[in-house]
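Residues per chain, in single letters:
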Amino acid sequence: MVTSNSIKKILVIRFRRVGDAVLGTSLCTSLRKTFPDAEIHYLLNTLIAPLYDGHPDIDKVISFDVKDDRNFFRYIWRAWSIVRANRYDVIIDMRGTVRTLLFSLLSLATAFRIGPKKSYSFLALNYPVDNRSEKHSNMIEHNLYFLKPLEIIAEISYCTEFKLYVTDAEKQAFYGYMQTAGIDFAKPVILAVVSARLQHKIWDKEKMKLVLQHIIDKFDAQIIFNFVSAEREFAMTVHQEMNNHANIFTNIDAHSLRDLCALSANCHFFFGNEGGARHLTQALNIPSFAIFPPNTSKARWLPDQGERFAGIGVDELRSKSELALMSYEQRFNLITPELVWARLEPMLKRHLVGG
């Protein structure tokens, strides 16, 4: 008979991008609180795995790289090797794809094989979960619903917090680098994302420039543009079109996600397009304001909304019936600099001046 005390090893599978995996840490924290003696493994893509080094609620990070994904036989071998070596008592597959379900299929002795309910998932899961209901207002609630089957053996300590951790050494090292690059920590420092991985998710450049100029004029803030290599040209263009303003920094590079954590931890605020960087800053408890593009729900992707974490999305500006009659561009244009500034300025006053 399986009891809460017999749960010794747990595997949580959360492939995909930064934001998804960061939000998934609330599930790991809930598992830690519920099964304090269990060993928790987090399965991720190699590129984002370093984010979870030193996380107190994750005992082991297992990563899959591009080579594992490209060769299906290699993928099967690695999956089999992992479940065979660890003999998990619980597997929580947060993705439920044909590939991720292989971990459960290759570990049929695992007492709890949990994942999304799909037409084919019954082949691998003994506890399929339907968490697509609208009652799960945000992604944290969506993720935590995977713990429901475990209620038959334990009282689940549900935790909605999602956190990342930076060491003092990492933070201090990047602090020194930022000073060398010209940052004056006597003034406010804002991390900004003016670009995005996908072109259609970028808020209008001219509107973004207006808000950035307001921030500089009102608060004399130093704004650090964060971007990946594919977004560099766009970010540089924004800087150039703002006359290479001395308060804007495009010379501070975060070469890894650990660097981005250290950079974020040394900033006072985040502003810009919604994405993984915003999730990361919120996980580090940095106040933030994000612009959500059409088809990206603020209610779903921005947990713990309030005076510290906020944003703006088109869903709150018009009814569903009105939005249905508009093109993507028309919907995005509903977000004006005036609307953004009306919400952003009070936050900046609290967290840059009052804080």
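Read on for an overview of the structure. (Residues numbered from 1 in each chain as written. Predicted model: local features only at pLDDT ≥ 70, side-chain atom pairs only at ≥ 80, totals over all residues. Heavy atoms only, no water.)

Among the structural elements, His 279 can be located in helix H11 (residues 276–283). When its relative accessible area of 3% is taken as the criterion, His 279 is described as buried. There is a polar contact of 3.4 Å between the side chain of His 279 and the side chain of Arg 278. Ignoring sequence-local partners within four residues, the contact set of His 279 consists of Gly 19, Val 22, Leu 23, Phe 162, Glu 274 and Trp 301. (Helix = DSSP H or I, 4+ residues; strand = E, 2+ residues; numbered from the N terminus. Buried < 20%, exposed > 50% of the residue type's maximum accessible area, 1.4 Å probe, protein only. Polar contact = N/O pair within 3.5 Å; in protein donor to acceptor, adjacent residues only side chain to side chain. Contact = heavy atoms within 4.5 Å.)

A regular strand places its side chains so that they alternate between the two faces of the sheet. Among the five residues of strand E7 (residues 189–193), five are classified as buried, and the element is accordingly described as predominantly covered. Where burial is concerned, the two faces of E7 agree: the one with Val 189, Leu 191 and Val 193 and the one with Ile 190 and Ala 192 are both buried. As judged from the four bridges shared by E7 and strand E8 (residues 222–225), these two strands associate in the parallel manner. For Ala 192, the partnering residue across the bridge sits in E8 and is Phe 225. Handedness of the crossover joining E7 and E8 through helix H8 (residues 205–219): right-handed. For E7 and strand E10 (residues 269–273), the ladder comprises four bridges, and the chain directions are parallel. Within the sheet, the bridge partner assigned to Leu 191 lies in E10 and is Phe 270. (Pairing = 2+ DSSP bridges. Right-handed = clockwise from strand over helix to strand, strands pointing away.)

Adjacent strands of a sheet form backbone hydrogen bonds with each other and so pair up, either parallel or antiparallel. Here we have six strands laid out as an open sheet, ordered E3-E2-E1-E4-E5-E6, and parallel in their pairing. In this open sheet, the two strands that pair with only one neighbour each are strand E3 (60–64) and strand E6 (127–129). Direction aside, the axes of adjacent strands within the sheet are offset by 15° on average. Examined bridge by bridge, strand E1 (residues 9–13) and strand E2 (residues 39–45) share five bridges and lie parallel to one another. Residue pairing for E2: Leu 11 is matched across the bridge by His 41. Against the sheet, helix H2 (residues 25–34) engages E1, E2 and strand E4 (90–93), with an angle of about 170° to E2. The strands that helix H4 (residues 72–86) touches are E1, E2, E3 and E4; relative to E3, the one it contacts most, it runs at about 165°. (Axes fitted to C-alpha atoms, helices over the stretch in contact; angles between N-to-C directions.)

In the contact formed by H8 and helix H9 (residues 232–241), the axes pass within 11 Å of each other and the chain directions differ by 55°. The orientation of H8 relative to H9 falls into the category oblique. Crossing of H8 against H9: the hand is right-handed. For the pair H8 and H9, the contacting residues are Lys 205, Glu 206, Lys 209 and Leu 212 in the first and Phe 234, Thr 237, Val 238 and Glu 241 in the second. The residue inventory of the contact of H8 with H9, partitioned by class, reads three nonpolar, one polar and four charged. (Parallel < 35°, antiparallel > 145°, perpendicular 65-115°, else oblique. Left-handed = near helix turned anticlockwise from the far one by under 90°. Nonpolar A, V, L, I, M, F, W, Y, C, P; charged D, E, K, R; others polar.)

Judged by side-chain polarity, Val 98, Leu 105, Leu 108, Tyr 120, Phe 122 and Leu 123 come together as a nonpolar surface patch covering roughly 610 Å² of accessible area. Within the fold, Phe 122 resides in the loop between strand E5 (112–116) and E6. Taking relative accessible area as the criterion, Phe 122 reaches 57% and is therefore assigned exposed. (Patch = residues over 30% accessible without salt bridge, like charges linked within 9 Å, V, L, I, M, F, W, Y side chains within 5 Å. Areas by Shrake-Rupley, 256 points an atom, 1.4 Å probe, with all protein chains shown as cover. Salt bridge = Lys/Arg side-chain N within 4 Å of Asp/Glu carboxyl O.)

Most of H11 is tucked away: seven of the eight residues are buried. Of the residues making up H11, those classed as buried are Ala 277, Arg 278, His 279, Leu 280, Thr 281, Gln 282 and Ala 283. After H11 finishes, the residue Asn 285 shows a positive phi value of roughly 70°.

Membership of the largest hydrophobic core comes to 58 residues, with the highest contact counts inside it found for Leu 31, Leu 150, Met 178 and Ile 224. Aside from chain neighbours lying at most four places away, what touches Met 178 is Ile 183, Phe 185, Val 189, Ile 224, Ile 252, Leu 263, Asn 266 and Cys 267. By size, the runner-up hydrophobic cluster in this structure holds 36 residues, among which are Val 194, Ile 215, Val 314 and Met 347. (Core = buried A, V, L, I, M, F, W, Y, C linked by side-chain atoms within 4.5 Å.)

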